[in-house]
Amino acid sequence: MKYSIFFMMIFLLTFFVIAEKITTLSEINKPDLMEISDGKLYIMEGSTVFLYDLKDKKLIKKFCKRGEGPRELKMNPGIPNFLVMTSDSVIAVSMDKAIEFSKDGEFKREMKIPGFTNYLHPVKDGYISVKFNVGKNPSVSVKLIDLDLKEKKTLYSQKFTGGQNKIDLTFDGVHIAVEDNVLYIEESALGFEISRFDLEGNPIDRIKKEVAKIPFSNQHEAAAIENLKSNPQIKQMGWENFKNAVKIIKQKYMPPIQDMLLDNGNIYIQTNAIKDGTVEFWVLNKRGKVLKKVFLPKPMESSFISKMFGRPGRFYKFHRDTYYYIVENEEEEEWELHALAVKL
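Residues numbered from 1 in each chain as written. Predicted model: local features only at pLDDT ≥ 70, side-chain atom pairs only at ≥ 80, totals over all residues. Heavy atoms only, no water.

Peer 1: Quick question: what am I supposed to make of empty space enclosed by the protein here?
Peer 2: Rolled over the atoms, a probe sized like a water molecule indicates the empty space that remains. For the structure on display, the rule yields two cavities of 30 Å³ or more. Here the largest cavity is characterised by a volume of approximately 390 Å³. Breaking the lining of the largest cavity down by element, the ones donating at least two residues are helix 2 (218–229) and strand 25 (266–275). Of all the elements, helix 2 adds the most residues to the lining of the largest cavity, at five residues. Taken together, the residues of the lining of the largest cavity sort by class into 13 nonpolar, eleven polar and seven charged. Lining the second largest cavity we find Ile-91, Ala-98, Ile-99, Glu-100, Arg-109, Glu-110, Met-111, Leu-120 and Tyr-127. Of all elements in the fold, only strand 10 (97–102) and strand 11 (107–112) reach the threshold of two or more residues within the lining of the second largest cavity. In terms of residue class, the lining of the second largest cavity is made up of six nonpolar, no polar and three charged. (1 Å grid on protein atoms, 1.4 Å probe; cavity = no way out; pocket = protein on both sides within 12 Å on 5 of 7 lines; lining within 4 Å. Points joined across faces, edges and corners; volume = space filled by probe spheres on them. Helix = DSSP H or I, 4+ residues; strand = E, 2+ residues; numbered from the N terminus. Nonpolar A, V, L, I, M, F, W, Y, C, P; charged D, E, K, R; others polar.)

Peer 1: Explanation requested: the sheet that holds strand 26 (residues 278–285) in the structure shown.
Peer 2: Backbone hydrogen bonds hold the strands of a sheet together, and the pairing may be parallel or antiparallel. Spatially, four strands are ordered 24-25-26-27 in an open sheet, and the strand pairing comes out antiparallel. Each of the sheet's edge strands pairs with one partner strand only, and the pair in question is strand 24 (259–263) and strand 27 (290–297). Strand-to-strand, the axes of this sheet are offset by a mean angle of 25°, without reference to chain direction. (Pairing = 2+ DSSP bridges. Axes fitted to C-alpha atoms, helices over the stretch in contact; angles between N-to-C directions.)

Peer 1: Please clarify how helix 2 should be interpreted in this entry.
Peer 2: The α-helix winds at 3.6 residues per turn, so residues separated by three or four positions along the chain end up facing the same way. When the terminal C-alpha atoms of helix 2 are compared, their 16 Å separation across twelve residues agrees well with the 16 Å that a helix rising 1.5 Å per residue should span. Taken together, the buried positions of helix 2 are occupied by His-220, Ala-224, Ile-225, Asn-227 and Leu-228. Seen from one end, helix 2 has its buried residues packed into an arc of 155°, which puts them on one side. (Expected span 1.5 Å × (residues − 1). Buried < 20%, exposed > 50% of the residue type's maximum accessible area, 1.4 Å probe, protein only. Arc of directions from axis to C-beta.)

Peer 1: Looking at this structure, I do not really get unusual backbone geometry. What am I missing?
Peer 2: The phi angle of most residues is negative, glycine excepted, and most peptide bonds adopt the trans form. Within the chain, Asp-38 stands out as a residue other than glycine whose phi angle is a positive 50°. Unusually for a residue other than glycine, Asn-264 sits at a positive phi of about 55°.

Peer 1: So what exactly am I meant to see when it comes to the pattern of salt bridges here?
Peer 2: Two side chains bearing opposite charge may form a pair once their charged atoms approach each other closely. A complete count under the given rule lists 22 salt bridges for this structure. Here Glu-35 and Lys-317 are joined by a salt bridge, their closest N and O atoms 3.0 Å apart. Here Lys-317 lies in strand 28 (residues 316–318) and Glu-35 lies in strand 2 (residues 33–37), a separation of 282 residues in the sequence. Lys-65 is the partner of Glu-72 in a salt bridge, and the nearest nitrogen-oxygen pair spans 3.9 Å. Since its relative accessible area comes to 19%, Glu-72 is described here as buried. (Salt bridge = Lys/Arg side-chain N within 4 Å of Asp/Glu carboxyl O.)

Peer 1: What is the right way to read the sheet that holds strand 14 (residues 139–146) from this model?
Peer 2: Pairing is antiparallel in the open sheet, where four strands are placed in the order 12-13-14-15. Two strands bound the open sheet, and with one partner strand each, they are strand 12 (117–123) and strand 15 (151–159). Within this sheet the neighbouring strands show an average axis-to-axis angle of 20°, counted without direction. Sheet analysis places strand 14 next to strand 15, joined by seven bridges and oriented antiparallel. Bridge pairing in strand 15 links Leu-144 to Lys-153.

Peer 1: Would you explain the pairing of strand 14 in this entry?
Peer 2: Of all eight residues in strand 14, eight are buried; the element is thus mostly enclosed. Judged by which residues are buried, strand 14 turns out to be covered on both faces: Ser-139, Ser-141, Lys-143 and Ile-145 on one side and Val-140, Val-142, Leu-144 and Asp-146 on the other are all buried. Pairing between strand 13 (residues 126–133) and strand 14: eight bridges, direction antiparallel. Bridging across to strand 14, Tyr-127 finds its partner in Ile-145.

Peer 1: Sorry if this is basic, but what is going on with the packing of aromatic side chains here?
Peer 2: Geometrically, a pair of aromatic rings is defined through the distance of the ring centres and the angle of the planes. One pass over the full model with this rule turns up 13 aromatic pairs. Both rings, one in Phe-281 and one in Phe-318, keep their centres 5.2 Å apart while their planes meet at 75°; by these two values the pair is edge-to-face. Of this pair, Phe-281 sits in strand 26 while Phe-318 sits in strand 28, placing them 37 residues apart in sequence. The residues Phe-281 and Phe-318 share a single accessibility class, namely buried. (Phe/Tyr/Trp six-rings, centres within 6.5 Å; stacked < 30°, edge-to-face > 60°.)

Peer 1: Which parts of the structure should I look at to understand a negative patch on the surface?
Peer 2: Where like charges cluster on the molecular surface, the negative patch consists of Glu-328, Glu-330, Glu-331, Glu-332 and Glu-333. Taking relative accessible area as the criterion, Glu-330 reaches 64% and is therefore assigned exposed. (Patch = residues over 30% accessible without salt bridge, like charges linked within 9 Å, V, L, I, M, F, W, Y side chains within 5 Å. Areas by Shrake-Rupley, 256 points an atom, 1.4 Å probe, with all protein chains shown as cover. Lys, Arg positive; Asp, Glu negative; His and termini not counted. Charge placed at Lys NZ, Arg CZ, Asp CG, Glu CD.)

Peer 1: Hey, could you run me through the pairing of strand 30 (residues 334–341) in this one?
Peer 2: Taken residue by residue, a regular strand's side chains alternate between the two faces of the sheet. Among the eight residues in strand 30, six count as buried, and that is most of the element. Sheet topology places strand 1 (residues 20–25) next to strand 30; five bridges connect them, and they run antiparallel. For Glu-20, the partnering residue across the bridge sits in strand 30 and is Ala-339. As paired strands, strand 29 (residues 322–329) and strand 30 are joined by eight bridges and run antiparallel to one another. What sits directly across from Tyr-324, in strand 30, is Ala-339. The turn joining strand 29 and strand 30, which pair antiparallel and follow one another in sequence, is formed by four residues; a positive phi near 55° is taken by Glu-333.

See below:
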């Protein structure tokens with residue numbers, strides 16, 4: 001018994017030493033997302049990007065600002081702006097414009113983007129994008145577009161979660177990622193499936209796993225409703241008024257993939273398995289071999305709208321075998337960056 005208590009104490013001590021608070025982000029009031037690249041932390045708040053050095057935890061600078069003129073981004077209270085990280089740039093994107101900066105926040109260029117373009121990432125001779133297709137049977141498609149933003153090729157398409165005047169609490173967005181000249185598209189509407197393409201949109205291979213279905217629990221439902229309630233436009237409208245204006249539906253099971261991102265040649269999948277304030281992540285190599293399954297502190301939810309349309313709005317990031325996430329210290333009324341080593 002003494003030995004059991006001893007080893008339990010060692011385990012708890014190890015956990016809390018590793019899962020530590022890294023720094024307080026005293027400059028941040030209401031973040032919309034975080035990104036990490038090349039040892040730098042980027043926090044987007046509205047139309048402004050806060051750039052920190054991840055090593056010394058100090059704010060380097062702020063760049064981008066709110067407005068409708070050159071080098072400025074609009075703000076939509078219901079649909080947050082987002083960031084796209086490339087090998088040598090950071091791109092701030094609103095509903096109608098993208099502004100490219102160097103990794104140090106120096107302006108490079110800006111461009112208008114087509115309506116209903118929910119995500120875009122530079123690739124060879126153009127971009128890969130996620131586009132919302134309106135109509136009687138709305139859908140979300142992953143497309144290659146050229147430098148003039150004209151469509152070249154559709155790589156994947158799925159029925160839009162919900163529909164006209166319907167909100168599906170078991171939403172299933174589309175996520176894409178780009179690394180080492182390979183395009184990754186998660187296709188969780190089909191199951192635990194990820195397709196890989198070259199930069200021309202030619203299929204390379206497909207990652208597919210047999211997984212147990214995760215029931216849509218009361219805990220899932222409560223989290224989804226709270227996420228909806230936090231939307232500024234729904235707050236303004238009032239929850240009861242919103243509920244009367246739409247039909248809220250749900251499916252029996254959750255999609256097997258909640259989110260996907262890449263780092264250093266590995267694929268990090270957030271599933272919908274939750275347990276005691278933690279969420280399950282799978283770590284796969286680029287060929288699909290499972291390297292690790294681990295429950296980690298559940299990050300803050302991306303906005304409901306961002307999830308539905310495939311717009312990145314994460315409050316966590318994997319970077320160099322470490323899981324970083326930001327949390328609000330409500331007692332101190334400040335935001336903190338936490339980190340947890342994830343050894344493979």
